[in-house]
Amino acid sequence: MALRYKSNRNVVYSCKYHVVWTPKYRRSVLVEGVDVRLKDILNELCTDKACELLAVEIMPDHVHLLVEVDPQFGIHTFVKLAKGRSSRILRQEFPWLKSRLPTLWTNSYFVSTVGGAPLSVIKQYVENQKGV
């Protein structure tokens, strides 16, 4: 993947992040269609907020994203929106999640800029999570 720069009205940027978060108590609840719906929700969010979802992998007990976010919007804002919106929608559409967990996601998450390793290595890592 070649290095591409994006821009908004006053910033030219290339800010790619590897983000990981887990359901509360690391329960394996991202199954039985929840994983597919979560991917849809994340794609919709990225379209709404002009972010680019480069790779996504949903494991039963955690989520991996490779995402490019405008630095003025901020990765913290993106993660807050992604977790908040997905929790609300998933708990409405899959009522059994409400009985399993008091809240869907933990408050914490992992984020790392993609600068130390080539982007292709990180993308391959995220895409190959299912095989691990």
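This structure is a prediction, so every number in the text was calculated from the model and none was measured.

**Student:** Just to check I follow, could you spell out the pairing of strand β3 (residues 16-21) for this structure?
**Tutor:** Side-chain positions along a regular strand alternate between the two faces of the sheet. Where burial is concerned, most of β3 is hidden: six out of the six residues are buried. Covered by surrounding structure in β3 are Lys16, His18 and Val20 together with Tyr17, Val19 and Trp21, the residues of both alternating faces.

**Student:** Would you take a moment to explain the confidence of the model for the protein chain for this structure?
**Tutor:** Detailed reading of predicted coordinates is not advised where the pLDDT is low. For the protein chain, the mean per-residue pLDDT works out to 92, and 95% of the residues sit at or above 70. Ranking the elements of the protein chain by mean pLDDT puts helix α4 (residues 119-127) last, at 84, and helix α1 (residues 34-48) first, at 98.

**Student:** Where do I start with the pattern of salt bridges in this structure?
**Tutor:** When their charged atoms lie close together, side chains carrying opposite charge are able to pair. This model, assessed by the stated rule, comprises seven salt bridges. Asp48 serves as the salt-bridge partner of Arg85, at 3.0 Å between the closest nitrogen and oxygen. Separated by 37 residues along the polypeptide, Arg85 in helix α2 (residues 75-93) and Asp48 in helix α1 bring together distant segments of the chain. Take Asp48: its relative accessible area is 51%, and that puts it in the exposed class.

**Student:** What should I look at first to understand the environment of Val20 in this one?
**Tutor:** Structurally, Val20 is set in strand β3. According to the relative accessible area criterion, Val20 is buried, its value standing at 15%. Put simply, Val20 and Asn43 are 23 residues apart on the chain and 16 Å apart in space, counted from C-alpha to C-alpha. When near neighbours in sequence (up to four residues on either side) are disregarded, Val20 contacts His62, Val63, His64, Tyr109 and Phe110.

**Student:** Mind showing me how you'd approach the nonpolar core here?
**Tutor:** Soluble globular proteins tend to bury their nonpolar side chains together. Ranked by size, the top nonpolar core spans 32 residues in total, and within it Leu65, Val67, Phe78 and Leu90 carry the most contacts. Setting aside residues up to four positions removed in sequence, Phe78 forms contacts with Leu45, Cys46, Cys51, Leu65, Val67, Val69 and Phe73. Of all hydrophobic cores here, the second largest spans seven residues; its members include Leu54, Leu119, Ile122 and Val126.

**Student:** Whenever I open this one, the packing of α1 against α2 confuses me. Can you help?
**Tutor:** Angle between the axes and distance between the axes are the two parameters that describe a pair of packed helices. Look at α1 against α2: their axes get within 10 Å of each other, and the N-to-C directions meet at 135°. As far as their axial angle goes, α2 and α1 are oblique. As for the relative orientation of α1 and α2, their crossing is right-handed in sense. Two secondary-structure elements touch here, α1 through Val34, Arg37, Leu38, Ile41, Leu42, Leu45, Cys46 and Asp48 and α2 through Phe78, Leu81, Ala82, Arg85, Ser86, Ile89, Leu90 and Glu93. Of the residues that constitute the contact of α1 with α2, the class distribution is 11 nonpolar, one polar and four charged.

**Student:** Just to check I follow, could you spell out the pairing of strand β5 (residues 62-68) for this structure?
**Tutor:** Within β5, seven of the seven residues are buried, leaving the element largely enclosed by the surrounding structure. Note: β3 against β5, six bridges, orientation antiparallel. Bridge assignment links Tyr17 to a residue of β5, and that residue is Val67. In this sheet, β5 lies alongside strand β4 (residues 52-59) in antiparallel orientation, the contact comprising seven bridges.

Calculation rules
- Residues numbered from 1 in each chain as written.
- Predicted model: local features only at pLDDT ≥ 70, side-chain atom pairs only at ≥ 80, totals over all residues.
- Heavy atoms only, no water.
- Buried < 20%, exposed > 50% of the residue type's maximum accessible area, 1.4 Å probe, protein only.
- Helix = DSSP H or I, 4+ residues; strand = E, 2+ residues; numbered from the N terminus.
- pLDDT = per-residue confidence, 0-100.
- Salt bridge = Lys/Arg side-chain N within 4 Å of Asp/Glu carboxyl O.
- Contact = heavy atoms within 4.5 Å.
- Core = buried A, V, L, I, M, F, W, Y, C linked by side-chain atoms within 4.5 Å.
- Axes fitted to C-alpha atoms, helices over the stretch in contact; angles between N-to-C directions.
- Parallel < 35°, antiparallel > 145°, perpendicular 65-115°, else oblique.
- Left-handed = near helix turned anticlockwise from the far one by under 90°.
- Nonpolar A, V, L, I, M, F, W, Y, C, P; charged D, E, K, R; others polar.
- Pairing = 2+ DSSP bridges.

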